[in-house]
Each structure stands twice: as C-alpha cells, then as structure tokens.
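What the coordinates show
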Amino acid sequence: MNAGGAALFVCALGIVPAAAGAQGCANLAASVDDARKLLLRAANEPAFEAAKNRALRAKNALDDAAVSSMDCQCKGAYSEFDTAALRARRARDADSPNEYIESLEAAIRAFNSAVGELKSCAAQRAR
C-alpha cells in the first residue's frame, strides 16, 4: 500500500515543545511523534493485511495524541487528532486497497491539520 499522496509534512518535535511547556502537556511530544511514525509505517507497508494492522496501531497512537492535546487545552488539535483516529480506524476496516488508501490519506490530512492546530496553540501561549 502506498498512501503517500497526502504527505506527512510533520516535524512534530519542532513545534510541540512550546505547547508542551503548558500544564498537563508532558506527554504531548511523545504522543504526536508516535502517531507520526505509525502513520508513516501504515502508509509504507506493502502488504494489505499488514498495512491494516499498522493502521490500527496508528489509530491507537492518534487517540493518545488526542487525549494529550486535550490535556494541553488545545481543543482544535484534539478534534483533528480524533478525526485522524476515526479515519485510521476506517483504514483498518477497509475491504479493498483503494478504500484503505483513501481512508489513510484522510487520516494523514487530519493529522497534519492537528499539527497546525498545535502550532496555533503554541503561538497563543507564547504571547
């Protein structure tokens, strides 16, 4: 499977530390980085069933990133990570490679949007 059409542009650790300084944000950087790595693995896994299993792992990591975002009081990122987790779950449940790719690319787009929301939260905290 190659769901690389929606590229992961993320350098998550570069933007998360500013947000992670806030109370309750201790796990944010690790959660986001884990989700990024697992989405990349799911996107690059060539075997359909193995890719679906990787998508499930990515979904779990995205759920963790959502919770960490809420702990950081970054509701926009929470919503986007939650959407990404839902899309990764749909990829896991896909009946065809095309459906898998479509769902995983939607998860990646939502992940990238979540990172954008984290940047906004970090910028607001810096003011």
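Re the state of the cysteines
Taken as a whole and judged by the stated rule, the model has 1 disulfide. Bridging Cys74 to Cys121, the disulfide has an S-S length of 2.0 Å. Residues Cys74 and Cys121 are joined through a disulfide that is right-handed, its torsion about the S-S bond being 90 degrees. Placement of Cys74 in the loop between α3 (48-71) and α4 (75-92) and of Cys121 in helix α5 (residues 97-126) is noted, with a sequence separation of 47 residues between them. Owing to a relative accessible area of 0%, Cys74 belongs among the buried residues under this scheme.

What to know about the pattern of salt bridges
A complete count under the given rule lists 6 salt bridges for this structure. With a closest N to O distance of 3.7 Å, Lys52 and Glu49 form a salt bridge. Of the two residues, Lys52 and Glu49 both sit in helix α3, 3 residues apart, roughly one turn of that helix. Ionic pairing is found between Asp63 and Lys59, a salt bridge with its closest N-O pair at 2.5 Å. Of the two residues, Asp63 and Lys59 both sit in helix α3, 4 residues apart, roughly one turn of that helix. By relative accessible area, which is 24% here, Asp63 ends up partly exposed. Because the salt bridges share partners, they merge into one network encompassing Asp33, Arg36 and Lys37.

Things to note about helix α2 (residues 28-44)
Here α2 is 17 residues long and its end C-alpha atoms lie 24 Å apart, about the 24 Å a rise of 1.5 Å per residue gives. Where α2 is concerned, the buried positions are Leu28, Ala29, Ser31, Val32, Asp33, Ala35, Arg36, Leu38, Leu39, Ala42 and Ala43.

Some thoughts on α3
If you check α3, its first and last C-alpha atoms are 35 Å apart, about what 24 residues at 1.5 Å a residue would give, namely 34 Å. Among the residues of α3, those classed as buried are Phe48, Ala51, Lys52, Ala55, Ala58, Lys59, Ala61, Leu62, Ala65, Ala66, Ser68 and Ser69. In the core, the buried residues of α3 are packed alongside α2, α4 and α5. Downstream of α3 by a residue or two, Gln73 has a phi angle that is positive, lying close to 60 degrees.

Topic: the nonpolar core
Judged by nonpolar contacts, the single largest core of 35 residues is most densely connected at Val32, Leu39, Leu62, Phe81, Tyr100, Leu104 and Phe111. Those elements giving two or more residues to this core turn out to be α2, α3, α4 and α5. Ranked by residues supplied to this core, first place goes to α5 with 10 residues.

Concerning the environment of Ala55
Along the chain, the position of Ala55 falls in helix α3. A relative accessible area of 0% means that Ala55 is categorised as buried. Apart from the residues within four sequence positions on either side, Ala55 is in contact with Ala42, Ala88, Ala91, Arg92 and Tyr100.

Section: the packing of aromatic side chains
We describe a pair of aromatic rings using the distance from one ring centre to the other and the angle between the two ring planes. All chains considered together, the criterion is met by 2 aromatic pairs. With a centroid separation of 6.2 Å and 90 degrees between ring planes, the pair formed by Phe48 and Tyr100 is classed as edge-to-face. Note that Phe48 is positioned in helix α3 and Tyr100 in helix α5, a separation of 52 residues in sequence. Taking the relative accessible area as the measure of exposure, Phe48 reaches 19% and is therefore buried.

About the cut-offs
- Residues numbered from 1 in each chain as written.
- Predicted model: local features only at pLDDT ≥ 70, side-chain atom pairs only at ≥ 80, totals over all residues.
- Heavy atoms only, no water.
- Disulfide = S-S within 2.5 Å.
- Helix = DSSP H or I, 4+ residues; strand = E, 2+ residues; numbered from the N terminus.
- Buried < 20%, exposed > 50% of the residue type's maximum accessible area, 1.4 Å probe, protein only.
- Salt bridge = Lys/Arg side-chain N within 4 Å of Asp/Glu carboxyl O.
- Expected span 1.5 Å × (residues − 1).
- Contact = heavy atoms within 4.5 Å.
- Core = buried A, V, L, I, M, F, W, Y, C linked by side-chain atoms within 4.5 Å.
- Phe/Tyr/Trp six-rings, centres within 6.5 Å; stacked < 30°, edge-to-face > 60°.

Shape is all these values report; function is a separate question.
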